[in-house]
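Topology and contacts: notes
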Amino acid sequence: MAVVTPPSPMLPASAKAAHPGFPRVMTGYATKQANVPIRGVADLVVRSLLDDQQFGDDGGKAEALGISSASWPLFGLVWPSGLLLADRIAARPVRVGERILEVGCGLALASLVGHRLGADMTACDIHPLAGAFLRENLRLNELSAMSYRHGPWAQVARRVGEPFDLVIGSDLLYEADTRGVLAEFLVRHATPTAEVWIVDPDRGNRSAFHRRMASFGYERTEERVDALADVGRAAYRGRLMVYRRTEAGAAAAALLP
Ligand SMILES: C[S@@+](CC[C@H](N)C(=O)[O-])C[C@H]1O[C@@H](n2cnc3c(N)ncnc32)[C@H](O)[C@@H]1O
C-alpha cells in the first residue's frame with residue numbers, strides 16, 4: 001500500500017534555489033510497505049520509499065547536509081547489496097558482548113536482522129529521515145528500540161561511541177571519496193581486532209577505497225557473489241569485502257591524531 005506524506009506548505013527559498021525544476025520537484029514523498037525476504041530467517045516488514053523518484057526535503061535539512069535532490073531518495077530504497085549484507089548478518093552467530101556498527105545504513109536491513117537476533121547493533125546515516133524510517137521499521141517488526149546516530153562520515157571527531165567489534169556497510173562507494181573520509185570513519189570506529197565488512201555492487205570507486213584502507217594497515221579478502229534471481233530478489237553481481245587490520249597497521253593506527 002502506498003502512503004503519501006502531505007506536501008510541505010512552504011519550501012524554503014534556499015531549497016527552491018537548489019532545485020531549478022521547482023515547483024515540479026515533489027515536496028511530499030510516497031512510501032510503501034512490503035515483506036522483504038532475508039536468507040535463513042523470517043522476512044522483514046519494511047517501509048521504504050515508493051521509488052527512486054521521491055523527494056521531500058522539508059525545512060531544507062538534507063540540503064544543509066549537502067544531500068542533493070538526486071541523492072535524497074537513496075537512503076530509503078531496498079538495495080540488493082543491503083539485502084546481501086542482511087543475509088550475512090543473519091548467518092553470523094551472535095557473540096555475547098560484541099558491538100556492531102552499520103555505517104550509511106539507509107533502511108538498515110542488516111541492523112534490523114541483527115537486532116532481532118539479539119546482537120548489539122548501532123546504525124548511523126547522514127540522511128535526516130533515516131532514523132525515522134528505522135523507528136518505523138522497528139515498530140512494524142515488533143522490535144524494541146535500537147541505537148541510532150545521525151551524522152556525516154566527515155565528522156570523524158564525533159565518534160558514534162566506543163570502537164565496535166564489527167563495522168559493516170553496503171553500497172557506500174557510489175561517490176568518489178577524494179578525502180578518504182569513509183575509510184577514516186570506519187577505521188576510527190573499529191577496535192584493533194575488528195573486521196570491516198563492505199558489500200559493494202562492483203562500483204568504480206573500489207580501488208581508491210582499498211588504497212585508503214591499506215594506508216590504515218588493513219588487508220582485504222573478497223568473496224565474489226553472482227546470484228541468480230530468486231523469490232523476491234533480483235539477480236545480483238557484487239562482492240563482500242572483509243578488511244582486517246595487520247599488526248603493523250594497528251601500530252600505525254595508534255598514531256592517528
Ligand atoms: C546507496 S545507499 C545504501 C543504503 C544501505 N547501506 C543499503 O545498502 O541499503 C547509501 C547510504 O549512505 C548514506 N551516506 C552517504 N553519504 C554519507 C555520509 N557522508 N555520511 C553518512 N552516511 C552517508 C546515504 O544517506 C544512504 O543511506
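Just so you know, these numbers come straight off a predicted model, no measurement behind them.

Points about the overall build of the protein
- Looking only at helices and strands, the protein has 8 helices and 10 strands in total.
- For the protein, buried positions account for 36% of its 257 residues.
- A separation of at least 24 residues holds for 71% of the contacts in the protein among residues at least 6 apart in sequence.

Brief notes about helix H4 (residues 109–117)
- Judged by how many residues are buried, H4 sits mostly within the fold: 8 of 9 residues are covered.
- Taken as a whole, H4 has its buried residues at Leu109, Ala110, Ser111, Leu112, Val113, Gly114, His115 and Arg116.
- Residue Gly118 follows H4 closely and has a positive phi angle near 105°.

A few points about the confidence of the model for the protein
- Averaged over every residue, the pLDDT of the protein is 88; the share at 70 or more is 86%.
- Across residues 1–26 the pLDDT falls below 50, and counting only partners more than four positions away or on other chains, this stretch makes 36 contacts in the model.

Remarks on the site of the ligand
- Near the ligand, the surroundings consist of 20 residues, among which Phe75, Gly82, Gly104, Gly106 and Ile126 are the closest.
- Residue assignment for the shell around the ligand shows that the elements contributing at least two residues are helix H3 (80–91) and strand S7 (164–170).

Focus: the sheet that holds S7
- Here 7 strands make up an open sheet; going across it, the order is S6-S5-S4-S7-S8-S10-S9 and the pairing mixed. Edge positions in the open sheet fall to strand S6 (147–150) and strand S9 (218–227), since each of these has one partner strand only. This sheet shows a mean twist of 20° between the axes of neighbouring strands, independent of strand direction.
- Pairing of strand S4 (residues 99–103) with strand S5 (residues 120–125), which is carried by 5 bridges, proceeds in the parallel orientation. Within S5, the residue paired with Leu101 across the bridge is Thr122.
- Sitting on the sheet, helix H7 (residues 206–215) is in contact with strand S8 (190–200), S9 and strand S10 (236–245), with an inclination near 150° to S9.

Thoughts on unusual backbone geometry
- A positive phi is found at Ala108, a non-glycine position, where the angle reads about 60°.
- Following the sequence through the fold, Ala108 ends up in the loop between S4 and H4.
- Look at Ala108 and you get buried, because 29 C-beta atoms sit within 10 Å.
- One non-glycine residue, Glu142, lies in the positive phi region at around 55°.
- Of note, Glu142 is situated in the loop between helix H5 (130–140) and S6.

So, the environment of Ala42
- Here Ala42 is to be found in the loop between strand S2 (30–36) and strand S3 (44–49).
- Distance from Ala42 to Ala90, taken between C-alpha atoms, is 9.8 Å for residues 48 residues apart in sequence.

Looking at the packing of H3 against H4
- Direction vectors running N to C along H3 and H4 enclose 20°, while the axes themselves pass 8 Å from each other. By the criterion of interaxial angle, the relationship of H3 to H4 is roughly parallel. In the packing of H3 onto H4, the handedness of the crossing is right-handed. Seen from H3, the contacting residues are Gly82, Leu83, Leu85, Ala86, Ile89 and Ala90; seen from H4, they are Leu109, Ala110, Val113 and Gly114.

What about the nonpolar core?
- Ranked by internal contacts, the top residues of the largest apolar core, which has 54 residues, are Leu109, Val167, Leu186 and Val196.
- Take this core: its biggest share by element is 6 residues, from S8.
- When residues are assigned to domains, this core turns out to be shared by domain 1 (3–76) and domain 2 (80–254), each giving three or more.
- Other than its neighbours up to four places away in sequence, Leu186 contacts Val103, Val167 and Val196.

Some details on the pairing of S4
- For S4, a buried count of 5 out of 5 residues is recorded, marking the element as mostly surrounded by other parts of the structure.
- Burial of S4 is two-sided: the residues Arg99, Leu101 and Val103 facing one way and the residues Ile100 and Glu102 facing the other way are all buried.
- As a crossover connection, the stretch from S4 through H4 into S5 is right-handed.
- Sheet analysis places S4 next to S7, joined by 3 bridges and oriented parallel. From the neighbouring strand, Ile100 faces S7, where its bridge partner is Leu166.

Topic: the pairing of S6
- Relative to S6, S5 runs parallel, the two sharing 4 bridges. The residue bridging Asp125 from the neighbouring strand is His150, located in S6.
- With respect to chirality, the unit in which S5 leads through H5 into the neighbouring parallel S6 is right-handed.

The rules behind these values
- Residues numbered from 1 in each chain as written.
- Predicted model: local features only at pLDDT ≥ 70, side-chain atom pairs only at ≥ 80, totals over all residues.
- Helix = DSSP H or I, 4+ residues; strand = E, 2+ residues; numbered from the N terminus.
- Buried ≥ 20, exposed ≤ 12 C-beta atoms within 10 Å, placed from the backbone.
- Contact = placed C-beta atoms within 7 Å.
- pLDDT = per-residue confidence, 0-100.
- Near = placed C-beta within 6 Å.
- Pairing = 2+ DSSP bridges.
- Axes fitted to C-alpha atoms, helices over the stretch in contact; angles between N-to-C directions.
- Parallel < 35°, antiparallel > 145°, perpendicular 65-115°, else oblique.
- Left-handed = near helix turned anticlockwise from the far one by under 90°.
- Core = buried A, V, L, I, M, F, W, Y, C linked by C-beta atoms within 7 Å.
- Domains from an automatic or database assignment.
- Right-handed = clockwise from strand over helix to strand, strands pointing away.

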